[in-house]
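Chain and residue survey
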Amino acid sequence: MTPKVGNIVIDCADLDAMAAFWGRLLGMKTTAASGDWLDLEPLGAGGPILSFQRVPEGKKGKNRLHLDLDVPDVHAAGERAESLGATPAGGPMGDPKSPFRVWRDPEGNEFCFVTAS
């Protein structure tokens, strides 16, 4: 039996703020919320659900897992993310013709914008 990824879970302090940021960034709606847990819509047809879990401790150090988000324009995507509350974690990297850039969500979780091929 081969497992299927059902959820990608991001630990956080503020469920509502994180759901608002990620929901706006990815164009997704909240589908369920209960206590210390909140789900957004699946990431694509049949994809895993993006979930948020309230935890008491703050983020420490670099993520060991992060999302790479394919976009046609890394710069434009970054400007939009910044307007939603993200902060850059450095400048553009990689091939100047198809760069990527690391960002942090409002609670400091890293994610990347990657030039879609």
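Since the model is a prediction, treat every value here as computed from it, not as a measurement.

With that settled, consider the sheet that holds strand β5 (residues 67-71). Working definition: the strands of a sheet are paired by backbone hydrogen bonds and lie parallel or antiparallel to each other. Spatial strand order, β5-β8-β7-β6: four strands in an open sheet with mixed pairing. If you trace the sheet from one side to the other, it starts and ends with β5 and β6 (87-88), each paired once. Sheet topology note: the β5/strand β8 (residues 110-115) ladder contains five bridges and is parallel. Looking at the pairing, Leu 67 lines up with Phe 111 of β8. Packed on one face of the sheet, helix α2 (residues 74-84) meets β5, β6, β7 (100-104) and β8 and runs near 150° to β8.

In this structure, Trp 22, Leu 25, Leu 40, Leu 50, Phe 52, Phe 111 and Phe 113 are the most contacted members of the largest nonpolar core, which totals 23 residues. Within the residue set of this core, elements represented by two or more residues are β1 (7-12), α1 (15-26), β3 (37-42), β4 (49-54), β5, α2 and β8. The dominant element in this core, judged by the number of residues it contributes, is α1, at six residues. Those residues in contact with Phe 52, other than ones at most four positions away along the chain, are Ile 10, Cys 12, Leu 15, Met 18, Ala 19, Trp 22, Asp 36, Trp 37, Leu 38 and Leu 40.

This brings us to the environment of Arg 104. Secondary-structure assignment places Arg 104 in strand β7. Each C-alpha atom, one on Arg 104 and one on Ala 20, is 15 Å from the other, the two residues being 84 residues apart in sequence.

So, on to the side chain of Asp 105. Position of Asp 105 relative to the elements: it lies in the loop between β7 and β8. No salt bridge is formed by the buried Asp 105; the nearest opposite charge belongs to Lys 59, separated by 8.0 Å. At a separation of 3.1 Å, a polar atom in the side chain of Asp 105 contacts the side chain of Trp 22. Among the polar contacts listed, one links the side chain of Asp 105 to the backbone nitrogen of Glu 107, at a separation of 2.8 Å. Setting aside anything within four residues of it in sequence, one finds Asp 105 in contact with Met 18, Phe 21, Trp 22, Gly 85 and Phe 111.

Rules of the game
Residues numbered from 1 in each chain as written. Predicted model: local features only at pLDDT ≥ 70, side-chain atom pairs only at ≥ 80, totals over all residues. Heavy atoms only, no water. Pairing = 2+ DSSP bridges. Helix = DSSP H or I, 4+ residues; strand = E, 2+ residues; numbered from the N terminus. Contact = heavy atoms within 4.5 Å. Axes fitted to C-alpha atoms, helices over the stretch in contact; angles between N-to-C directions. Core = buried A, V, L, I, M, F, W, Y, C linked by side-chain atoms within 4.5 Å. Buried < 20%, exposed > 50% of the residue type's maximum accessible area, 1.4 Å probe, protein only. Lys, Arg positive; Asp, Glu negative; His and termini not counted. Salt bridge = Lys/Arg side-chain N within 4 Å of Asp/Glu carboxyl O. Polar contact = N/O pair within 3.5 Å; in protein donor to acceptor, adjacent residues only side chain to side chain.

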